[in-house]
Protein chains: 2
Amino acid sequence: MTNPTAAMLVIGDEILSGRTRDSNMHYLANELTRIGIALREVRIVADVHVEIVAAVRALAGQYTHLFTSGGIGPTHDDITADAVAEAMGAAIGHRADAMALLQAHYDRAGLPFNEARQRMARIPDGATLIDNPVSTAPGFTIGNVHVMAGVPNIFQAMVASVLPKLTGGPPLLSQSLRVNRGEGEIATEFGALAAEFPDLSMGSYPFIQNGAHGTNLVIRGTDAVQVDLAMQRLQRLFG
Amino acid sequence: MTNPTAAMLVIGDEILSGRTRDSNMHYLANELTRIGIALREVRIVADVHVEIVAAVRALAGQYTHLFTSGGIGPTHDDITADAVAEAMGAAIGHRADAMALLQAHYDRAGLPFNEARQRMARIPDGATLIDNPVSTAPGFTIGNVHVMAGVPNIFQAMVASVLPKLTGGPPLLSQSLRVNRGEGEIATEFGALAAEFPDLSMGSYPFIQNGAHGTNLVIRGTDAVQVDLAMQRLQRLFG
C-alpha cells in the first residue's frame, strides 16, 4: 500500500517579507506524517490572485490533497476563497450555512454582522465547511483542496477538524542516529547502506557543535521491520 | 524604479517530514527585503532529482534571482548540484578550482580528501563559486541561480558572500500598527485606505491575546513619503 500525498500552499506576504515566521507548515508536516500522508511540496506565494489560482491548480492536480493556510478573513487582502473557487471552476457567493453560523456568533457576542464580516461567509458552491471552534468563521474543503486560516491556533483547530475525515496510509516511520563524525567520513558506507534498502529513504543532516562536525542520520519508511533492520546496521557501522 | 524579484527553493525531505523547522527562508526574506529584492515565492521540494529540476526551471524562468538551500554535501542524498546543472543545461564534473580549495582544506585538517568529499567539488561548467568561510565546500552561481548549503550558519555565510554582488532596488519599507480591535471592525475603513494608495501594499494580521481579538496592520512600499502619509492616516483612524 502506498501513501497518499499532499502539498501545502501558504498565502502570505508577511512571510515573504520576513515580518513573520511561518509555523503552520511545521505543524501540518508532523500531523500528516503521523497519519501516513506524505507531504511532498510546500509553496509560499504572495497575496496576489493570479498567483494563488496558478498554485492551487498546479498542486491540486499533482497531489492527493492540497492544504492552504491564510487569506480567509474579512479584510481586502483576504482573497484566498475567491482564488480557490476560480482555480476549481466553482461559483462563489455568501453561502446561507456560513451566513447563519456567523450571524449567530456575532449575535451572541453583541457585535454587528457587518459587510466585512459577511465576507467570511463567501464559500464556493459545492464546498463542505471546515469547523472553526476558535472563532467560528469556517474554512472549507472543495474537491481535494482544504482551505484554512493562517492564524496558528485557528489553523491547528481546523487541521484537527479535517484530518480525521481523510484516509491515511501506513504511518511514515523514522529513526535517527546522531554521530560525532562529519558527513564526509561516513558518506560512502551510508550511501552503500541506502542502496541496500531501496524502499527506505535515508538522509544525512550535518551540524557543527562547539566547532566539531557531526551528522544526524535519518531512516524513513513505512515498513517497521525494514526500518529496524536498517537502523541496526547503521548502529553497527557508526554507533 | 521597480524592485528585482526573487524566489527561494528549499531542498529538504527533513522539513517536509516535520523533523526539522526551516530557518533559512526567514533569514533570506529579511536580507532580501533589506537590499530591495522582493522575495515573491518559496518552494520546498523533496530530495528527488526530477522535482528539483522542474522547480529550478520554473522559478529561474519567472524571477530575477533564484536562491536554493540544501543538498550540496558529500552524501548520496546530496543531489542539488547535478539537478541544477541539468535544469540550466550545463555539464557538471569535479571542477579544478573547487578540487584545489577542498584539497587544501582537508590537507590542513589532516583528513583524507576521499571520494565522498570530492563530490562537493562537482560544480556545473560556467558557474562562479560562492565562498564558504565556515567549512570551505563552495556554493555556486549559475545564470540567475544561487546554490547554497542548508546548514543555517553556512547558508547565512554564503548569503553574505552573494548579496553584495547583486543589484537591489529601493529598500522595501514597512510600518505597522497594532490595534486592539478585531479585523471585522476595521476592515471597511482599512480597505478604503488601501484603495487610496494603490502603490502601497497593506495587510492585516489578526491575533488573539488573552481571549481578545487584535490586529497588526502593515503598510509596505518603497516610497517613504507615501508610507509615512498612509501610516499617519492609519493612526488617525485606529491609533
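Below, the structure is looked at part by part. (Residues numbered from 1 in each chain as written. Chains lettered and ligands numbered in written order. Predicted model: local features only at pLDDT ≥ 70, side-chain atom pairs only at ≥ 80, totals over all residues.)

### Focus on the sheet that holds strand 10 (residues 201-209) of chain B
All names here are of chain B. Note the following rule: Should DSSP find at least two bridges between two strands, the strands are taken to pair. Per the convention used, a helix needs a DSSP run of H or I reaching at least four residues, while a strand needs a run of E reaching at least two, with both numbered from the N terminus. Angular values range over 0 to 180 degrees, each being the angle between N-to-C directions of two axes fitted as lines to C-alpha atoms, with helices fitted over their stretch in contact.
Spatially, the three strands line up as an open sheet ordered 9-11-10, and their pairing is antiparallel. The sheet is open, and its two edges are formed by strand 9 (173-179) and strand 10, each paired on a single side. Pairwise comparison of adjacent strand axes, ignoring direction, gives a mean angle of 20 degrees for this sheet. Bridging between strand 10 and strand 11 (residues 212-221) involves nine bridges; their strand directions are antiparallel. Its bridge partner lying in strand 11, M202 is registered against I219.

### Considerations on the interface of chain B and chain A
Operational definition: Once C-beta atoms are placed from the backbone, any two residues with those atoms within 7 Å are in contact. In this count, Pro and Cys sit with the nonpolar residues alongside Ala, Val, Leu, Ile, Met, Phe, Trp and Tyr, while Asp, Glu, Lys and Arg are called charged and the others, Gly among them, polar.
If you look at the interface, chain B gives 50 residues, while chain A gives 50 residues. Secondary structure elements with two or more residues in the side of chain B that touches chain A: helix 1 (13-16), helix 2 (24-35), strand 2 (38-45), helix 6 (115-118), helix 8 (183-196), strand 10 and strand 11 of chain B. In terms of residues, the side of chain B that touches chain A owes the most to one element, strand 10 of chain B, which gives eight residues. When its residues are assigned to classes, the side of chain B that touches chain A shows 20 nonpolar, 17 polar and 13 charged. Pairing of strand 2 (residues 38-45) of chain A with strand 2 of chain B, which is carried by five bridges, proceeds in the antiparallel orientation. Residue pairing in the sheet places A:I44 in a bridge with B:V42 of strand 2 of chain B.

### What about the packing of helix 2 of chain B against helix 7 (residues 152-162) of chain B?
All names here are of chain B. Operational definition: Should an angle fall under 35 degrees it is called roughly parallel, over 145 degrees roughly antiparallel, and 65 to 115 degrees roughly perpendicular, with every other angle called oblique. Crossings are sorted by hand: turned counterclockwise from the far helix by less than a right angle, the near helix makes the crossing left-handed, and turned clockwise it makes it right-handed.
Close contact between helix 2 and helix 7 brings their axes to 10 Å; oriented N to C, the two are set at 20 degrees. For the element pair helix 2 / helix 7, the angle class is roughly parallel. Helix 7 is crossed by helix 2, and the crossing has right-handed handedness. Within the contact between the two elements, helix 2 uses N24, Y27, L28 and E31 and helix 7 uses P152, F155, Q156 and V159. Classifying every residue of the contact of helix 2 with helix 7 gives five nonpolar, two polar and one charged.

### Some points on the nonpolar core
Our working definition: Residues enter a nonpolar core if they are buried, belong to Ala, Val, Leu, Ile, Met, Phe, Trp, Tyr or Cys, and are joined to the set through C-beta atoms within 7 Å. The burial criterion counts other C-beta atoms lying within 10 Å of a residue's C-beta, which is placed from the backbone; the residue is buried at 20 or more, exposed at 12 or fewer, and partly exposed between these limits.
Ranked by size, the top nonpolar core spans 110 residues in total, and within it A:V56 and B:V56 carry the most contacts. The contacts of A:V56, once residues within four sequence positions are left out, are A:L9, A:L66, A:A83, A:V84, A:A87 and A:V145.

### Concerning the relation of the copies chain B and chain A
Rules: Only residues with pLDDT of at least 70 in both copies count here: their C-alpha atoms drive the least-squares fit that superposes the copies.
For these two chains of identical sequence, chain B goes onto chain A by a turn of 180 degrees and a shift of 0.0 Å along the axis, with RMSD 0.0 Å. Taken together, the rotation and translation describe the operation of a two-fold axis. Closest approach to the rotation axis among the C-alpha atoms of chain B is made by B:R43, whose C-alpha sits 2.2 Å away. Counting the interface residues of chain B, we find that 100% of their copies in chain A are interface residues as well, pointing to one common contact surface.

### Section: the sheet that holds strand 2 of chain A
One open sheet holds the 12 strands; their spatial order is 6(A)-7(A)-8(A)-3(A)-1(A)-2(A)-2(B)-1(B)-3(B)-8(B)-7(B)-6(B), and the pairing between them is mixed. The open sheet is flanked by strand 6 (128-130) of chain A together with strand 6 (128-130) of chain B, the only strands paired with a single partner. Direction aside, neighbouring strands of the sheet carry axes that sit 20 degrees apart on average. Both strand 7 (residues 139-142) of chain B and strand 8 (residues 145-148) of chain B contribute to a ladder of three bridges, which runs antiparallel. Bridge assignment links B:T141 to a residue of strand 8 of chain B, and that residue is B:H146. Against the sheet, helix 4 (residues 80-87) of chain A contacts strand 1 (5-11), strand 3 (65-69), strand 7 (139-142) and strand 8 (145-148) of chain A, and its axis sits at roughly 170 degrees relative to strand 8 of chain A.

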